[in-house]
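Topology and contacts: notes
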Amino acid sequence: MEDNKKNVVVTGAAGFAGINLVMELLDNDYEVYAVVRPGSVHNARLEDIDSDCLHIFPLEMDELDRLPFEIFERYPELEDEERSFDAFFHLLWGGSMDDFDAQRINISGAIHAVKAASMIRCRRFVGIGSQAEYGSKYKVQLEDLVPYPDSAYGACKVAACYLTRNLANSYGMEWVWGRIFSLIGRFEPRGRMIPDLLDRAQKGMEIELSSCRQSWNYLDASDCARALIAISSKGRNGEIYNITDGKSAALKEYVERANRWMFEKKGKMAQIIYGDDPSPFISLEPDGKKLFEDTGWKAEVEFENSLASWELE
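Everything in this summary refers to the structure shown in the same document. Owing to the predicted nature of the structure, the values given are computational and were not obtained by experimental measurement.

1. What about the packing of helix H6 (residues 193-201) against helix H8 (residues 251-266)?
- Between H6 and H8, the shortest axis-to-axis distance is 10 Å and the interhelical angle comes to 35 degrees. H6 and H8 meet at a crossing whose hand is right-handed. Judged by residue contacts, Met193, Ile194, Leu197, Leu198 and Ala201 of H6 engage Leu251, Val255, Ala258, Asn259, Trp261 and Met262 from H8.

What follows is the structure in structure tokens.
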């Protein structure tokens, strides 16, 4: 470990957003302490990275209180530093959207994360929120709107937002919150719309979708990682940021663009059957002005370039 490097913690480091964040941090010379779920198949993503700056800690959600002791046991020199860590990115989260009992556990996990961040004398806690906090009430999502979630997932994200902010403040630790919308790109898992569409498109198969009339906002996961790093260093203490490029379009437009992209690559495309409007009808037009003004961050990856990370058969 080099003395001039910034030390950061990333929980949920092997997940879709987490692995992209870890890779971006390593590319920018951060020392990364990555928390992963023990036994997760996704941990191989981190194990395949050859870097002396990556340090992996397998811990369950309810074990985050142990993280400071495990870090200081492995790296005792950090315990003697006045400010051990620059940022604590908390991405670890689990459970299905409407499983209240599973979602409620995440609130406790977020509180454990803030306590752990305080114990390692971290400068700033970076909480990761979601568009689900806004629910379907608003056409345009502004950070100063009162959250109105439609799911247990969104409701528990809102609770974690307020509780972690208050707890971080009581510890004298800086806090920011980044609300993620829809990510695509490297490591996106199957079972989501874009991967399923591309899978079927390259085989010339049918796919049934909703009406896709709602507005949507896609952001490449590597751009999201850069935005999270930006708010960790340049964001204003106590602020909530929409992690978005501010460019929305009808979901159907994205679907057609992805289908055309596959036709250009493989000469095949999906036969798309559009159905009824989804319920709830969630339309995403997030405002990102505060993110741009406070940090200077700008998205770099175009939609089709995000698709280029897809492994064609």
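2. Side note on the pattern of salt bridges
- For the structure shown, the criterion picks out 20 salt bridges.
- Across the pair Lys139 and Glu285 runs a salt bridge whose closest N-O atoms are separated by 3.0 Å. One end of the pair, Lys139, is in the loop between strand S5 (122-130) and helix H5 (152-170); the other, Glu285, is in the loop between strand S13 (271-274) and helix H9 (289-295), with 146 residues separating them in the sequence.
- Taking relative accessible area as the criterion, Lys139 reaches 55% and is therefore assigned exposed.

3. Focus: the layout of surface pockets
- By volume, the second largest pocket amounts to about 310 Å³.
- Around the second largest pocket, the lining is made up of 20 residues, and of these Asp245, Lys247, Ala299, Val301 and Glu302 lie nearest the centre.
- At the level of secondary structure, the elements contributing two or more residues to the lining of the second largest pocket comprise strand S10 (218-220), H8 and helix H10 (303-307).
- If you tally residues by element for the lining of the second largest pocket, the top one is S10, at 3 residues.
- A class-by-class count of the residues in the lining of the second largest pocket yields 10 nonpolar, 2 polar and 8 charged.

What counts, and where the lines are drawn
- Counting restarts for each chain, with residues numbered from 1 along the sequence as it is written.
- Residues qualify for local features only when their pLDDT is at least 70, as the model is predicted, and side-chain atom pairs are given and counted only at 80 or more; totals for whole chains, interfaces and linings, by contrast, use all residues.
- Only heavy atoms go into the side-chain values, all of them from the structure, while hydrogens and water stay out.
- What counts as an axis is a line fitted to C-alpha atoms, over the stretch in contact for a helix, and the angles between N-to-C directions run from 0 to 180 degrees.
- Here a helix means four or more residues in a row that DSSP labels H or I, a strand means two or more in a row labelled E, and each is numbered from the N terminus.
- By the definition used in this description, the sense in which the near helix is turned from the far one sets the handedness, with an anticlockwise turn below a right angle giving left-handed and a clockwise turn giving right-handed.
- In what follows, residue pairs with any heavy atoms lying within 4.5 Å of each other are defined as contacts.
- A pairing counts as a salt bridge when a side-chain nitrogen of Lys or Arg comes within 4 Å of a carboxyl oxygen of Asp or Glu.
- With a 1.4 Å probe rolled over the protein chains alone, any residue whose accessible area is under 20% of its type maximum counts as buried; one over 50% counts as exposed, and the rest are partly exposed.
- Using only the protein atoms, space was sampled on a 1 Å grid; points where a 1.4 Å probe fits but cannot get out form cavities, open sets with protein on both sides within 12 Å along at least five of seven lines form pockets, and lining residues are those with an atom within 4 Å of a point.
- Grid points are joined across faces, edges and corners, and a volume is the space filled by probe spheres set on the points.
- Amino acids outside the nonpolar list (Ala, Val, Leu, Ile, Met, Phe, Trp, Tyr, Cys, Pro) and the charged list (Asp, Glu, Lys, Arg) are all regarded as polar, and Gly is one of them.

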